[in-house]
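Here's the letter readout for the chains.
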Amino acid sequence: MTDLFSLRDLKVTFATKRGTLNAVRGVTLHVAEGECLGIVGESGSGKTVMWRAAMGLLRGKRVTRGGSVTLNGTELLTMTAKEVRQLWGTQIAMVFQDPMTALNPVRRIGSQFSEALIKRLGMSKDDAAARTLELLRLVRMPEPERLVRKYPHQLSGGMRQRVMIAMAIACNPKVLLADEPTTALDVTVQAQVLELLSDLREKLGMAMVIVTHDLGIVAGHSDRIAVLYAGEVVELATTAALFANTRMPYTEALLNSIPKLTDTSGTRMRAIPGSPPDPVSVTTGCFFAPRCNYATDRCRNEHPELVDGGDGHLYRCFFPLGKGK
Ligand SMILES: Nc1ncnc2c1ncn2[C@@H]1O[C@H](COP(=O)(O)OP(=O)(O)OP(=O)(O)O)[C@@H](O)[C@H]1O
Ligand code: SF4
Ligand SMILES: [Mg+2]
């Protein structure tokens, strides 16, 4: 597999009233053709900022972006907003947590689709209408002929998410970024949407990135998983290795926060005690140290680098689990 989409030392900061907010602190990741990469991390760890910056969506006086983002070898960070917009849909597409942000509430589904297809792919009106029905069938929408006449608010959350996925794949993107695509949905619908995304990835040969705070959600669908903490990758491995040979205490805590099948409390995720560092203040040492059961003085004074355990399994910890701990 060759690298399709790569982030190298991506850094994103925001100028805020309190000072510089470090949202993404030097992330290096790649997605290979046809691969599914899972990105997991707590709220505020920089998941959304990372992908929005990579897609050229975060701009303005208050934002600085550093490092490199390439798609098939072409640098995206230096492109103008207009240049990068040309790639949306046909090269990279994004599915968001809340489909209402991507759908126009006052236009029928069919006309929103057709407009996008006519504009982006230069299709005729009739071809666009036929392709719309085909896409809606592809995302397993029942009765697409009736659906195209509806407005977004007339659909359920799961149906809206399917419509947004259909729109995202309409121009055959090479990479689909799905940012918390299922958090607003109930558990059964979540599973169906993830199943659908996996199926589409296989059928269309796309690469996919699934971003979530729920490790349990991506486990069955990702080839590799990157764990993000306070704007840094802290562990990156194949899904099997991440579960079988967890190296980072933070990943261990995330795994322990997934409720067991026997858990009858109804909660989906248990919170890890404590909170990540304030992204505005300067933090020394390992960012996870205040919450880590294994922290030593070294952890509190020195910042660990991301290292390769020798088998392609990367971790950012002085005392990795399973290696003598
Ligand atoms: N436009 C902005 N201006 C200033 N700070 C921002 C902005 N957008 C995000 N941030 C900050 O950047 C950090 C990372 O936010 P981000 O939205 O990427 O988190 P996340 O991992 O996606 O969290 P969640 O799981 O809640 O979606 C947070 O501290 C957030 O408050
Ligand atoms: S470096 Fe130290 S504090 Fe950080 S995760 Fe590893 S053991 Fe815990
Ligand atoms: Mg987010």
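Above this text sits the structure in question.
Computed from a predicted model, the values in this text were never measured in an experiment.

Enquirer: How would you explain the overall build of the protein chain if you had to name every residue and give the values?
Expert: In terms of helices and strands, the protein chain carries 11 helices and 12 strands. Relative to the compact-globule value of 20 Å for 325 residues, the protein chain shows a C-alpha radius of gyration of 21 Å, a close match. Referenced to the eigenvectors of the C-alpha coordinate spread, the extents of the protein chain come out at roughly 70 × 50 × 40 Å. For the protein chain, buried positions account for 40% of its 325 residues. Across the protein chain, the fraction of contacts at a sequence separation of at least 24, relative to all contacts at a separation of at least 6, is 64%.

Enquirer: Lay out the pairing of strand β3 (residues 36-40) with the relevant residues and their values.
Expert: β3 sits mainly inside the fold: five of its five residues count as buried. Residues Cys36, Gly38 and Val40 line one face of β3 and the alternating positions Leu37 and Ile39 line the opposite face, and both faces are buried. Relative to strand β8 (residues 207-212), β3 runs parallel, the two sharing five bridges. In the strand pairing of β8, isoleucine 39 is matched with valine 211. Where β3 lies against strand β9 (residues 224-229), four bridges are found, and the strand directions are parallel. Its bridge partner being in β9, glycine 38 is matched across the sheet by isoleucine 225.

Enquirer: I'd like a description of the sheet that holds β3, backed by residues and values.
Expert: Taken in spatial order, the eight strands of this open sheet run β6-β7-β8-β3-β9-β10-β12-β11, and their pairing is mixed. The open sheet has two free edges, formed respectively by β6 (92-95) and β11 (307-308), since each of these has just one partner strand. Direction of pairing for β11 relative to strand β12 (residues 314-315): antiparallel, over a ladder of two bridges. Bridge pairing in β12 places valine 307 opposite tyrosine 315. Against the sheet, helix α10 (residues 249-256) contacts β3, β9 and β10 (232-238), and its axis sits at roughly 105° relative to β9.

Enquirer: Got a sec to walk through the sheet that holds strand β2 (residues 19-32)? Specific residues and values, please.
Expert: Here four strands make up an open sheet; going across it, the order is β2-β1-β4-β5 and the pairing antiparallel. Of all the strands in the sheet, just β2 and β5 (74-75) have a single pairing partner and so form its edges. Looking at chain direction, strand β1 (residues 3-16) and strand β4 (residues 63-71) are connected through eight bridges and run antiparallel. Bridging across to β4, threonine 13 finds its partner in threonine 64.

Enquirer: Go over the nonpolar core, please, and point to the residues and values.
Expert: Val175, Leu176, Val209 and Val227 are the most contacted members of the largest nonpolar core, which totals 91 residues. Among the elements that line this core, the one with the most residues is helix α6 (residues 157-169), at eight residues. Counting the residues that make up this core, at least three belong to each of domain 1 (3-91 + 174-315) and domain 2 (102-172). The contacts of valine 175, once residues within four sequence positions are left out, are Leu4, Phe5, Val31, Ile92, Met206, Ala207 and Val209.

Enquirer: Any chance you could break down the site of ligand 2 for me, citing the residues and the numbers?
Expert: As a structural note, the neighbourhood of ligand 2 is formed by 13 residues, with Cys286, Cys292, Ala295, Cys299 and Cys317 the closest of them. Along the lines of polarity and charge, the residues of the shell around ligand 2 split into 13 nonpolar, no polar and no charged.

Enquirer: Describe the site of ligand 1, with residues and values.
Expert: Taken together, 14 residues surround ligand 1, and among them Ala23, Ser43, Lys47, Thr48 and Val49 come closest. For the shell around ligand 1, the secondary-structure elements that each account for two or more residues are β1, β2 and α1 (47-54). In terms of residues, the shell around ligand 1 owes the most to one element, α1, which gives three residues. The residue inventory of the shell around ligand 1, partitioned by class, reads five nonpolar, eight polar and one charged.

What counts as what
Residues numbered from 1 in each chain as written. Chains lettered and ligands numbered in written order. Predicted model: local features only at pLDDT ≥ 70, side-chain atom pairs only at ≥ 80, totals over all residues. Helix = DSSP H or I, 4+ residues; strand = E, 2+ residues; numbered from the N terminus. Rg over C-alpha atoms; globule rule 2.2 N^0.38 Å. Buried ≥ 20, exposed ≤ 12 C-beta atoms within 10 Å, placed from the backbone. Contact = placed C-beta atoms within 7 Å. Pairing = 2+ DSSP bridges. Axes fitted to C-alpha atoms, helices over the stretch in contact; angles between N-to-C directions. Core = buried A, V, L, I, M, F, W, Y, C linked by C-beta atoms within 7 Å. Domains from an automatic or database assignment. Near = placed C-beta within 6 Å. Nonpolar A, V, L, I, M, F, W, Y, C, P; charged D, E, K, R; others polar.

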